[in-house]
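What follows is the residue order along each chain.
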Amino acid sequence: MHAKNFATMSSAKKIVLLVGAAAAAAALYYGLNWWEAHRSVPPTVAWGTVDMRTVDLMFETSGRIALLAKEEGERVKKGDPLGELDLRALKIERERTAAQLEGLDADWKLALEGYRTEEIDAARAQAEAAESSAKLAQTTLARTQKLYRAHVASDQALDEADLARLTAGLRPEEIRAKKAARDAGEAALKALDYQIDVASRIESPVDGVIRSRLLEPGDMASASKRVYEIAVTSPKWVRAYVTEMQLGFIKEGAPARITTDTTPAYEATVGYISPEAE
C-alpha cells in the first residue's frame, strides 16, 4: 500500500517538474525573441506618449451668461461661437453714448466751419440799427441827452462786439477743445462696441474637443471664472524619448511617422529637440 502511494507521488512530482521546465523554456524562448526584436530596432525608432494640450476659456468682462452653445465631448473648430453674455444693458448704454456723440460731433463741425452768413448779417443789421438810434437820440432828446446817449452807446457797443465775435469765429483753443470732446465720445462708443462684440462673447481659438463645461446659462461670469476647457486636437504633439546614441540620427524639421496600436500611421515632423535629458 505504501509502495503504491510512493510511486503515485513520484509520478506527480515528475509531471510538475516537466510542466515547470516547459514553462521556463517557453518564457526563455519568448524573452529571447523579444530581446532579439528590440535589439534589431533601427536607431530612428523611439517610443513615447501623445501630449494633451488644453485651452481654458473665460469671458473678458463680467455679466450673466445668456447662451452656451456646446456640450462636453463636442468637437469645435477655430472661430466657432461658444457663449454670450446678456447684452441688454450694454446696448442701452451704447444708444445713449451714440446720441451724445452726435451732439458733440455737431458742436465740433460748427466750431470748425464758423457761424452761418445769415447770423453774421443779422448781427450787422442790429449794430447798424443801434448806430442810427444813437444819432437820433443826439438830436431829439436834448434834456436827457447825456444819460440817454450813454445808454444807447452801451447797447451799440454790445452789438458791435457780438458782430466782431461772429465774424471772427471761435478761437483755435475753443475749436480744439470741442474736437477733443468729440474724440472722447467716439472712443467711449468704440469701447462699448468692444464690450458687446468681443468681451461679452467667447469663441474657440483652436480646433479641439470640449473637455469640460464649467458654467451654465444664468450663472454670473467674470474674467477669472473658466467657462470651457478645450483639448487641442490640431496640431497634435508626441513626446518621444530617445537614447544618446539615437540623437545623432534625429534633426529638427525631419519627417517622421507616428504609429499606434489602434490607429493608422500619421505623417509628422520633428518639431523640437530638448536640450536637456530627462
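Residues numbered from 1 in each chain as written. Predicted model: local features only at pLDDT ≥ 70, side-chain atom pairs only at ≥ 80, totals over all residues. Heavy atoms only, no water.

## Digging into the overall build of the chain
Formally: Only DSSP runs of H or I reaching four residues or more are called helices, and only runs of E reaching two or more are called strands; each is numbered from the N terminus. Classification of residues uses two cut-offs on accessible area relative to the type maximum, computed with a 1.4 Å probe and protein chains only: under 20% is buried, over 50% is exposed, and between them is partly exposed. Only heavy atoms enter the contact rule, under which two residues are in contact if any of them lie within 4.5 Å. Throughout, the Shrake-Rupley method with a 1.4 Å probe supplies accessible areas, and for residues the shown protein chains are the sole cover considered.
In terms of helices and strands, the chain carries five helices and twelve strands. In the chain, which comprises 278 residues, the proportion classed as buried is 20%. Residue pairs in contact within the chain that sit at least 24 positions apart in sequence constitute 73% of those at least 6 positions apart. Here the chain displays about 20,300 Å² of accessible surface, and carbon together with sulfur accounts for 58% of that area.

## Description of the sheet that holds strand β2 (residues 54–57)
In plain terms, the rule: For two strands to be treated as a pair, DSSP must find at least two bridges joining them.
Spatial ordering of the open sheet is given by β2-β9-β7-β4, a layout of four strands whose pairing is antiparallel. In this open sheet, the two strands that pair with only one neighbour each are β2 and β4 (75–76). When β2 meets strand β9 (residues 228–234), the two strands line up antiparallel, connected through four bridges. When the bridges of β9 are listed, D56 appears paired with E229.

## A word on unusual backbone geometry
Comment: phi is negative for the bulk of residues other than glycine, and the bulk of peptide bonds are trans. The linkage connecting S234 with the following residue, P235, adopts the cis geometry, with an omega of 0°. Its location among the elements puts P235 in the loop between β9 and β10 (237–241).

## Some details on the nonpolar core
The cut-off we apply is this: Working definition of a nonpolar core: buried Ala, Val, Leu, Ile, Met, Phe, Trp, Tyr and Cys residues. They are joined through side-chain atoms within 4.5 Å.
In this structure, F59, I65, L82, V227, Y228 and I230 are the most contacted members of the largest nonpolar core, which totals 16 residues. Those elements giving two or more residues to this core turn out to be β3 (63–68), β5 (81–85) and β9. Looking at this core, the element that brings in the most residues is β9, giving three residues. Non-local contacts of V227, meaning those with residues more than four positions away in its chain, are made with L57, M58, F59, L68, I202, S212, R213, L214 and L215.

## Details of the pattern of salt bridges
Condition: Salt bridges are defined as contacts in which a side-chain nitrogen from Lys or Arg sits within 4 Å of a carboxyl oxygen from Asp or Glu.
Within this structure, the stated rule accounts for 15 salt bridges. Between K109 and D105 there is a salt bridge, with its nearest N and O atoms 3.2 Å apart. Of this pair, K109 and D105 both sit in helix α2 (residues 88–113), four residues apart, which is roughly one turn of that helix. For K109, a relative accessible area of 41% translates into the label partly exposed. The salt bridge partner of K179 is D183, with a shortest N-O separation of 2.9 Å. Here K179 and its partner D183 are both found in helix α5 (residues 172–199), four residues apart, which amounts to about one turn of the helix.

## Points about the sheet that holds strand β6 (residues 201–203)
Taking strand neighbours across the sheet as the criterion, the four strands line up as β6-β5-β3-β8 in an open arrangement whose pairing is antiparallel. Edge positions in the open sheet fall to β6 and β8 (220–221), since each of these has one partner strand only.

## Quick look at the environment of R75
Residue position: R75 is located in strand β4. Residues R75 and I210, spaced 135 residues apart in sequence, show a C-alpha to C-alpha distance of 6.4 Å. Setting aside residues no more than four positions away along its own chain, R75 makes contact with K70, G208, V209 and T233.

## Structural notes on the side chain of R213
Here R213 is to be found in strand β7 (residues 207–213). Those residues in contact with R213 that lie beyond four places of it in its chain are L68, K70, E71, E72, V227 and Y228.

## Re the confidence of the model for the chain
The condition is simple: As a per-residue quantity, pLDDT reports the predictor's confidence and falls between 0 and 100.
On average, the chain scores 77 in pLDDT, and the residues at 70 or more come to 64%. Of all the helices and strands in the chain, helix α4 (residues 145–168) carries the lowest mean pLDDT, 49, while β5 carries the highest, 97. Low pLDDT, under 50, characterises residues 1–7; the stretch is placed with zero contacts to residues that sit more than four places away or in other chains. Ignoring residues within four places in sequence, the model shows residues 141–145, a span with pLDDT below 50, making three contacts including any to other chains.

## Re α5
Put simply, the test is: Each helix should span, by expectation, one fewer than its residue count multiplied by 1.5 Å.
Here α5 is 28 residues long and its end C-alpha atoms lie 38 Å apart, about the 40 Å a rise of 1.5 Å per residue gives. For α5, the complete set of buried residues consists of I175, R182, G185, L189, L192, I196 and A199.

## Quick notes on the environment of I65
Along the chain, the position of I65 falls in strand β3. Judged by its relative accessible area of 4%, I65 is buried. For the pair I65 and S200, spaced 135 residues apart in the sequence, the C-alpha separation amounts to 8.9 Å. Leave out the neighbours within four places in its chain, and I65 touches F59, E84, L85, L215, E216, P217, G218, D219 and A221.

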